[in-house]
Amino acid sequence: MARLLLIASLVGARGAAGLGAAPADSSMIQFGTAVDKSNTSQQTTAYELRTDLTCPAGYSNLVTETECEAAQIALGLPGYNGLHFQYDSQRRPYCWVGPSNGVNFNPKGDYGAKSGNANLHVLCEVIEVALT
């Protein structure tokens, strides 16, 4: 099991001081990183909790439960429900956060009939970070 050093912070649209500039985007509500300490390259992964229905350009969906749970830990979200809500009418593709802030995983990557609820969020990996 990989050991992770986790850094997470709540940010506004202006970015995260000390983490480089997070993308200036009103759809982002939380930003965090996880550093893999199990290898010498110390790969850093940045995650964002977004209001989009799915991860937009410059981001990647978290398509495995392992990635989803790592993002939940990095962002300090309160709980991981795993597959429990994979058929819920509010589900979003892959890794998503429900109205009670629990992190859920939907392996099919499809949408529920009520996925447009404004209290739902998608967890994404940051692929491109705009530095200012």
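For the structure, check the block above.
Residues numbered from 1 in each chain as written. Predicted model: local features only at pLDDT ≥ 70, side-chain atom pairs only at ≥ 80, totals over all residues. Heavy atoms only, no water.

A.B. asks: Hey, could you run me through the packing of aromatic side chains in this one?
C.D. replies: In this description, a pair of aromatic rings is defined by centroid distance and the angle of the planes. By the definition in use, this model includes 0 aromatic pairs. Lying across the ring of Y59, R50 places its NZ or CZ 4.4 Å from the centre. (Phe/Tyr/Trp six-rings, centres within 6.5 Å; stacked < 30°, edge-to-face > 60°. Lys NZ or Arg CZ within 6 Å of the ring centre and 35° of its normal.)

A.B. asks: Could you clarify how one ought to interpret the state of the cysteines in this entry?
C.D. replies: Cysteine pairs can be linked by a disulfide, which is a covalent bond between their two sulfur atoms. Inspection of the entire model under this criterion finds 2 disulfides. Across the disulfide, C55 is cross-linked to C124 (sulfur-sulfur distance 2.1 Å). In this structure, the disulfide formed by C55 and C124 twists by about -100° around the S-S bond and is classed as left-handed. Here C55 is found in the loop between β3 (44–50) and β4 (59–61), whereas its partner C124 is found in strand β8 (residues 121–126), with 69 residues between them in sequence. Take C55 and C124: they sit in the same class, and that class is buried. When the cysteines engaged in disulfides are numbered in sequence order, the protein chain pairs them as 1-4, 2-3. (Disulfide = S-S within 2.5 Å. Helix = DSSP H or I, 4+ residues; strand = E, 2+ residues; numbered from the N terminus. Buried < 20%, exposed > 50% of the residue type's maximum accessible area, 1.4 Å probe, protein only.)

A.B. asks: Looking at this structure, how should I read the nonpolar core?
C.D. replies: Buried together is how nonpolar side chains tend to be arranged in soluble globular proteins. Ranked by internal contacts, the top residues of the largest apolar core, which has 14 residues, are Y47, L77, V103 and L123. In terms of residue count, the dominant contributor to this core is helix α1 (residues 65–75) (5 residues). Ignoring sequence-local partners within four residues, the contact set of V103 consists of C68, Q72, L77, G79, Y80, N81, G82, C95, W96, V97 and L123. (Core = buried A, V, L, I, M, F, W, Y, C linked by side-chain atoms within 4.5 Å. Contact = heavy atoms within 4.5 Å.)

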